[in-house]
Amino acid sequence: GAGVSQSPSNKVTEKGKDVELRCDPISGHTALYWYRQRLGQGLEFLIYFQGNSAPDKSGLPSDRFSAERTGESVSTLTIQRTQQEDSAVYLCASSLAASGGYNEQFFGPGTRLTVL
Amino acid sequence: KQEVTQIPAALSVPEGENLVLNCSFTDSAIYNLQWFRQDPGKGLTSLLLIQSSQREQTSGRLNASLDKSSGRSTLYIAASQPGDSATYLCAVRPHTGTASKLTFGTGTRLQVTL
């Protein structure tokens with residue numbers, strides 16, 4: 001079946017502009033995660049959604065970052081007033097559930113964001 | 001705070017060699033550990049997931065072991081092939097609460113040469 005998809009695959013923007021990144025999880029997966037991977041660094045957790053529960057936003061680096069999820073489907077990550085340090089690959093993952101033995105995370109191809 | 005370290009950072013081996021990648025974590029209270037590979041310009045592919053109660057998992061030429069008490073995991077790749085060239089990441093999930101966020105190591109970049 002279809003895996004996790006993300007769009008756009010690449011995004012170049014000017015400093016100060018807002019950007020929206022989209023993630024389509026695997027159908028039936030109730031948990032969805034956003035991570036960021038800056039050049040030469042490991043993946044950093046940003047936010048995760050589990051069903052209708054309040055999202056865990058503990059990894060968002062500033063209030064310029066926000067994310068929404070519609071039910072158990074599409075999620076968008078929004079970065080307002082982008083800065084050069086926001087340049088990174090943004091990865092989305094989904095899992096069947098967030099707890100128990102079904103939480104193996106499957107990743108999308110990522111969106112490479114470049115802020116000029 | 002959980003910290004995950006992977007050694008070596010980079011590794012180059014000739015085709016056919018067996019190799020071991022290492023992952024260590026500072027907090028042994030984990031729910032599970034997952035190994036991924038990442039190809040340039042692509043997302044992560046899940047290779048193996050080991051629950052905290054397990055000692056190892058095998059998939060084809062890959063074998064991952066987990067020693068939770070000592071905070072270590074190894075990924076063994078048998079008879080390496082050029083197609084195995086990629087960055088290998090390990091990630092741990094904490095045991096406490098409902099948090100499912102993974103803490104990743106910085107990866108081992110593997111190059112398998114002909």
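Anything mentioned here points back to the structure above.
Residues numbered from 1 in each chain as written. Chains lettered and ligands numbered in written order. Predicted model: local features only at pLDDT ≥ 70, side-chain atom pairs only at ≥ 80, totals over all residues. Heavy atoms only, no water.

Chemist: Sorry if this is basic, but what is going on with the overall build of chain A here?
Modeler: Secondary structure summary: chain A contains zero helices and ten strands in total. Computed over the C-alpha atoms, the radius of gyration of chain A is 14 Å, within 12% of the 13 Å expected from 2.2 N^0.38 for a compact globule of 116 residues. Counting only residues that meet the buried cut, chain A has 47% of its 116 residues in that class. Just so you have it, chain A exposes about 5500 Å², and 46% of that area is on carbon and sulfur atoms. Distance from the positive charge centre (11 side chains) to the negative charge centre (12 side chains) of chain A: 5 Å. (Helix = DSSP H or I, 4+ residues; strand = E, 2+ residues; numbered from the N terminus. Rg over C-alpha atoms; globule rule 2.2 N^0.38 Å. Buried < 20%, exposed > 50% of the residue type's maximum accessible area, 1.4 Å probe, protein only. Areas by Shrake-Rupley, 256 points an atom, 1.4 Å probe, with all protein chains shown as cover. Lys, Arg positive; Asp, Glu negative; His and termini not counted. Charge placed at Lys NZ, Arg CZ, Asp CG, Glu CD.)

Chemist: Help me understand the packing of aromatic side chains, please; the structure alone is not making it clear to me.
Modeler: Geometrically, a pair of aromatic rings is defined through the distance of the ring centres and the angle of the planes. Applying the stated criterion across every chain yields a total of eight aromatic pairs over all chains. Judged by centre distance (6.4 Å) and plane angle (25°), the ring pair of Y33 of chain A and Y35 of chain A falls under stacked. For the pair shown, Y33 of chain A and Y35 of chain A are each scored as buried. Geometrically, the ring pair formed by F36 of chain B and F104 of chain B is tilted, given 5.6 Å between the ring centres and 35° between the ring planes. Of the two residues, F36 of chain B sits in strand β4 (residues 30-38) while F104 of chain B sits in strand β10 (residues 103-104), which places them 68 residues apart along the sequence. We classify F104 of chain B as buried; its relative accessible area is 7%. (Phe/Tyr/Trp six-rings, centres within 6.5 Å; stacked < 30°, edge-to-face > 60°.)

Chemist: Help me out: how do you make sense of the sheet that holds strand β7 (residues 75-79) of chain A in this one?
Modeler: Strand pairing in a sheet relies on backbone hydrogen bonds, with the paired strands running either antiparallel or parallel. Residue and element names in this part refer to chain A. Taking strand neighbours across the sheet as the criterion, the four strands line up as β1-β3-β7-β6 in an open arrangement whose pairing is antiparallel. Only two strands of the sheet have a single neighbouring strand rather than two, namely β1 (5-7) and β6 (65-69). The sheet shows a mean angle of 15° between the axes of neighbouring strands, taken without regard to direction. (Pairing = 2+ DSSP bridges. Axes fitted to C-alpha atoms, helices over the stretch in contact; angles between N-to-C directions.)

Chemist: Would you mind showing me how to read the layout of surface pockets here?
Modeler: One simple way to see leftover space: roll a probe sized like a water molecule over the atoms. If you add up the space inside the largest pocket, you get close to 750 Å³. Taken together, 31 residues line the largest pocket, and the ones lying closest to its centre are Q37, L39, G40 and R112 of chain A together with Q38 of chain B. Going through the elements one at a time, β8 (88-95) and β10 (111-115) of chain A together with β9 (86-94) and β11 (108-113) of chain B are the ones with two or more residues in the lining of the largest pocket. The element that contributes the greatest number of residues to the lining of the largest pocket is β10 of chain A, accounting for four residues. In this structure, the second largest pocket occupies an estimated 460 Å³ of space. Around the second largest pocket, the lining is made up of 20 residues, and of these K1, Q2, K101, L102 and T103 of chain B lie nearest the centre. A breakdown of the residues in the lining of the second largest pocket according to their chemical character gives eight nonpolar, six polar and six charged. (1 Å grid on protein atoms, 1.4 Å probe; cavity = no way out; pocket = protein on both sides within 12 Å on 5 of 7 lines; lining within 4 Å. Points joined across faces, edges and corners; volume = space filled by probe spheres on them. Nonpolar A, V, L, I, M, F, W, Y, C, P; charged D, E, K, R; others polar.)

Chemist: For this particular structure, what's the right way to read unusual backbone geometry?
Modeler: Only a minority of non-glycine residues have a phi that is not negative, and only a minority of peptide bonds are not trans. Cis geometry is adopted by the peptide bond preceding P8 of chain A, which originates at S7 of chain A and carries an omega value of -10°. Its place among the elements puts P8 of chain A in the loop between β1 and β2 (10-13). For the bond running from I7 of chain B to P8 of chain B, omega is -5°, close enough to zero to count as cis. Residue position: P8 of chain B is located in the loop between β1 (4-7) and β2 (10-14). Its identity as a non-glycine residue notwithstanding, R81 of chain A has a phi of 45°, on the positive side. On the basis of relative accessible area, R81 of chain A is assigned to the partly exposed category, the value being 41%. Even without a glycine there, the phi angle at A79 of chain B is positive, about 45°. Residue position: A79 of chain B is located in the loop between β8 (72-77) and β9.

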